[in-house]
Amino acid sequence: MSTPHSGHAPMRTPLGRVRGLGAAKSGTEHFFTQRLTGAANLLLSIAFIIIVISVAGQSYAGARATLGHPLVAVIILLTLLSVTTHMRIGMQVVIEDYVHAEGLKVLLIVANTFFSIAVALAGAFAVLKISLGG
């Protein structure tokens, strides 16, 4: 049974052969997403730093009021989403490049994904709790 890419099959990982994916299939998407989140992180981090500076000398009630503003909450939520996505992809690339045992690699990628989601959800919960007055 021959496929159009059967000549390249020996160069693929076993998981890649099963999925029918090579490095170029998901690598381009990761590259683009990593660059996009990197640019977003630059802009969002500037806004985040301005927010932190603005609440630095305020009382607890004043800081909570600032953080409770919808625009501020959205900026912080977008920052959390962008940073954790960037972090997950960056760590996944490191794991894929330097962990050679296939089972351990899959385990670490899954753990990396769960950790990134946990960080994003914990941060989002805190922001929403403050912004919604909980």
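Before any of the text, the structure's been laid out above.
Below: a short report on this structure. (Residues numbered from 1 in each chain as written. Predicted model: local features only at pLDDT ≥ 70, side-chain atom pairs only at ≥ 80, totals over all residues. Heavy atoms only, no water.)

Some remarks on the overall build of the chain
Across its full length, the chain carries five helices and zero strands. The N-to-C order of helical and strand elements in the chain reads α-α-α-α-α. Relative to its full complement of 134 residues, the chain shows a buried share of 22%. Of the roughly 9,200 Å² of accessible surface on the chain, a fraction of 75% belongs to carbon and sulfur atoms. (Helix = DSSP H or I, 4+ residues; strand = E, 2+ residues; numbered from the N terminus. Buried < 20%, exposed > 50% of the residue type's maximum accessible area, 1.4 Å probe, protein only. Areas by Shrake-Rupley, 256 points an atom, 1.4 Å probe, with all protein chains shown as cover.)

Quick look at helix 4 (residues 70-98)
Here helix 4 contains 29 residues, and its C-alpha end-to-end distance of 42 Å stays within 8% of the 42 Å for a straight helix at 1.5 Å per residue. Taken as a whole, helix 4 has its buried residues at Val 72, Ala 73, Ile 75, Ile 76, Thr 79, Ser 82, Thr 84, Ile 89, Gln 92 and Ile 95. (Expected span 1.5 Å × (residues − 1).)

As for the packing of helix 4 against helix 5 (residues 102-131)
At their nearest, the axes of helix 4 and helix 5 sit 10 Å apart, and the two run at 170 degrees to each other. The pairing of helix 4 with helix 5 is recorded here as roughly antiparallel in orientation. By residue class, the composition of the contact of helix 4 with helix 5 is 15 nonpolar, seven polar and three charged. (Axes fitted to C-alpha atoms, helices over the stretch in contact; angles between N-to-C directions. Parallel < 35°, antiparallel > 145°, perpendicular 65-115°, else oblique. Nonpolar A, V, L, I, M, F, W, Y, C, P; charged D, E, K, R; others polar.)

Some remarks on the nonpolar core
One recurring pattern in soluble globular proteins: nonpolar side chains tend to sit buried together. Core analysis: the largest hydrophobic core is formed by seven residues, namely Leu 44, Ile 51, Val 72, Ala 73, Ile 75, Ile 76 and Val 127. Those elements that place two or more of their residues in this core are helix 2 (23-55) and helix 4. Counting residues per element, this core draws most heavily on helix 4, which supplies four residues. Discounting residues that sit within four places of it in the chain, Val 72 has contacts with Ile 51, Thr 66 and Leu 67. (Core = buried A, V, L, I, M, F, W, Y, C linked by side-chain atoms within 4.5 Å. Contact = heavy atoms within 4.5 Å.)

Digging into the environment of Ala 126
Tracing the backbone through its elements, the reader meets Ala 126 in helix 5. Note on Ala 126: relative accessible area 38%, which makes it partly exposed. Here the alpha-carbon distance between Ala 126 and Leu 77, two residues 49 residues apart in the chain, equals 9.9 Å.

Notes on the side chain of Thr 79
Tracing the chain through its elements places Thr 79 in helix 4. Within the structure, Thr 79 has its side chain in polar contact with the backbone oxygen of Ile 75 (distance 2.7 Å). (Polar contact = N/O pair within 3.5 Å; in protein donor to acceptor, adjacent residues only side chain to side chain.)

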